[in-house]
Amino acid sequence: MRKQIAAANWKMNLTLQQAEQLMDELIAIPLQLTDHQVAVFGVPFPYLIPIKSKIAGKSNLSIAAQNCYNKNSGAYTGEVSAPMLKSIDVDYVILGHSERREYFEETHAMLAEKINVCFEAGLKPIFCCGEPLQIREAGTEKTYVETQLADSLFHLSAEQLTGFIIAYEPIWAIGTGKTASNEQAQEMHAHIRSVLASKYGNDIANSISILYGGSVKANNAKEIFAQPDVDGGLVGGASLVATDFAAIINSLK
Ligand code: PEP
C-alpha cells in the first residue's frame, strides 16, 4: 500500500519555545500510526535540528524543510541548499507551495531544478500543485494542474517517481476555511493519478502518495482521507494545535 501521510506546514509561525511546546504536547498524545503511515513536520529552518531531536527514535515521525534553493552551494546569501538539509538529517522538503509560487515567483522550471537537487542530495520532495479560484471558476483546473505536473516533474525517471509525494492544494481552499468537497478532492486526485499513469504506467501512478491540502481540520480529515485517491493531507492552520493535528494524524487510512 502506498504511504499515507499527514504533513504539517507550520509556515512562518511560532517561536522556538512555542514550537517545542507544541511538539511536547503532540508527542504526549497517543498516535495510532501503522507501518504505511507517516506524520511529517514542515518546520521553519532554524527549528529543524531541535524539532528533529524531539522526535528522535520515533520511526513514523519525520521532519521537512519548507523550501530549499535550486543550487547546491555558492554566493547565494540567505539561501539554504539541499545538501545542507541532508547534512542535518532532514528527510523531506516541501516544494512549490502556492505561497512560494506567488510571493517568491517560483516558476515551473525553477521547481524542476529544486526537485533535481533534492534527488541528488537524497531528500524526498513533497511537490505542491493546485489552481487559483479564477481557474476553478473557469472550469480549467485540470489542465492547469496537468501543466504544473508536466513542467516540473515529467523530466524525472520512472524510478525517481516511484513513491513520490504530491500535495494537491486548491489555492482557494488554503487558509480560507473553505475545503474542497470530498467529491472535488477525489475527482482531482483521480485525475492527477490518471495523468501520471498515462506518462509512467499504472504501477508507478499507484505508488505515488497524493495528499490533499486546503483547510483540513480535525473534524473533516477522516472523510477527506477516506476518498480512494486521497493519501493524507498537507495541513497549515490546524497543524499548529497539538490536539487537532493529532486527530488529523489519527484520521489517516
Ligand atoms: C497549507 O498551507 O498548505 C494549507 C493547506 O493551509 P491550511 O490548512 O491552513 O488551509
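Scroll up a little and you will see the structure.
Residues numbered from 1 in each chain as written. Predicted model: local features only at pLDDT ≥ 70, side-chain atom pairs only at ≥ 80, totals over all residues. Heavy atoms only, no water.

## Regarding the overall build of the protein chain
- A count of helices and strands for the protein chain gives 12 helices and eight strands.
- Compactness check: the protein chain gives a C-alpha radius of gyration of 17 Å against a globular reference of 18 Å for 253 residues, within 12% of the reference.
- Principal-axis analysis of the C-alpha atoms gives the protein chain an extent of 45 × 45 × 35 Å.
- The buried share among the 253 residues of the protein chain stands at 53%. (Helix = DSSP H or I, 4+ residues; strand = E, 2+ residues; numbered from the N terminus. Rg over C-alpha atoms; globule rule 2.2 N^0.38 Å. Buried < 20%, exposed > 50% of the residue type's maximum accessible area, 1.4 Å probe, protein only.)

## A closer look at the sheet that holds strand β5 (residues 124-129)
- As summarised here, the arrangement of the eight strands in space is β1-β2-β3-β4-β5-β6-β7-β8, forming a closed barrel in which the pairing is parallel. For this sheet, the mean angle separating the axes of adjacent strands, direction not counted, is 25 degrees.
- Summarising the sheet, strand β7 (residues 209-213) and strand β8 (residues 232-235) pair through two bridges and their orientation is parallel. The partner of Gly213 across the bridge, within β8, is Leu234.
- In this fold helix α9 (residues 182-200) packs onto β5, β6 (165-168) and β7, with an angle of close to 150 degrees to the strand it touches most, β7.
- Contacting β1 (4-9), β2 (37-42) and β8, helix α12 (residues 242-249) crosses the sheet at an angle of about 160 degrees to β1. (Pairing = 2+ DSSP bridges. Axes fitted to C-alpha atoms, helices over the stretch in contact; angles between N-to-C directions. Contact = heavy atoms within 4.5 Å.)

## Some words on the pattern of salt bridges
- Scanning the entire structure with this criterion turns up 11 salt bridges.
- Three or more residues joined by partner-sharing salt bridges are found here, namely Arg2, Arg193, Asp229 and Asp231. (Salt bridge = Lys/Arg side-chain N within 4 Å of Asp/Glu carboxyl O.)

## Things to note about the site of the ligand
- Close to the ligand lie 14 residues; Lys11, Glu169, Gly175, Ser215 and Gly236 are nearest.
- Contacts to the ligand include Gly175, whose backbone N or O atom sits 2.6 Å from an oxygen atom.
- Contact distances for the ligand include 2.8 Å between an oxygen atom and a backbone N or O atom of Gly236.
- For the shell around the ligand, the residue count by class is four nonpolar, eight polar and two charged. (Near = heavy atom within 4 Å. Polar contact = N/O pair within 3.5 Å; in protein donor to acceptor, adjacent residues only side chain to side chain. Nonpolar A, V, L, I, M, F, W, Y, C, P; charged D, E, K, R; others polar.)

## Some remarks on the nonpolar core
- Core analysis: the largest hydrophobic core is formed by 70 residues, its most contacted members being Phe41, Leu149, Ile166 and Ile192.
- At seven residues, the largest contribution of residues to this core is made by α9.
- In this structure, Val40, Tyr92, Ile165 and Leu234 belong to the second largest nonpolar core, which totals 13 residues. (Core = buried A, V, L, I, M, F, W, Y, C linked by side-chain atoms within 4.5 Å.)

## Let's talk about the packing of helix α1 (residues 16-27) against α12
- Close contact between α1 and α12 brings their axes to 9 Å; oriented N to C, the two are set at 45 degrees. On the basis of their axis angle, the class for α1 and α12 is oblique. The two elements α1 and α12 cross, and the hand of that crossing is right-handed. Judged by residue contacts, Leu22, Glu25 and Leu26 of α1 engage Ala242, Phe245, Ala246 and Ile249 from α12.
- Residues that form the contact of α1 with α12 fall into these classes: six nonpolar, no polar and one charged. (Parallel < 35°, antiparallel > 145°, perpendicular 65-115°, else oblique. Left-handed = near helix turned anticlockwise from the far one by under 90°.)

## Observations concerning the packing of aromatic side chains
- Under the defined criterion, the tally for this structure stands at five aromatic pairs.
- Arranged with centres 5.8 Å apart and planes meeting at 75 degrees, the rings of Phe154 and Tyr200 form a pair that is edge-to-face. Of this pair, Phe154 sits in the loop between α7 (141-153) and α8 (158-161) while Tyr200 sits in helix α9; the two residues are 46 residues apart in sequence, bridging distant segments of the chain. In terms of burial, Phe154 and Tyr200 fall into one category: buried.
- The residue whose ring lies beneath Lys124 is Tyr92, and the NZ or CZ to ring-centre distance is 4.9 Å.
- Over the face of the ring belonging to Tyr200 we find Lys199, whose NZ or CZ atom lies 5.9 Å from the ring centre. (Phe/Tyr/Trp six-rings, centres within 6.5 Å; stacked < 30°, edge-to-face > 60°. Lys NZ or Arg CZ within 6 Å of the ring centre and 35° of its normal.)

## Some details on the pairing of strand β3 (residues 61-65)
- Within β3, five of the five residues are buried, which leaves it mostly tucked inside the rest of the structure.
- In β3, alternate side chains face the same way, and those of Leu61, Ile63 and Ala65 on one face and Ser62 and Ala64 on the other are all buried.
- Relative to strand β4 (residues 92-95), β3 runs parallel, the two being bridged by two bridges. Each residue of the ladder has a partner; that of Ala64, found in β4, is Tyr92.
- In this fold, β3 hands off to helix α3 (residues 82-87), which returns the chain to β4; that crossover is right-handed. (Right-handed = clockwise from strand over helix to strand, strands pointing away.)

## Section: the environment of Tyr144
- For Tyr144, the location among the structural elements is in helix α7.
- Assessed through its relative accessible area of 31%, Tyr144 is described here as partly exposed.
- The residues contacting Tyr144, other than those within four sequence positions of it, are Gly130, Glu131, Pro132 and Ile135.

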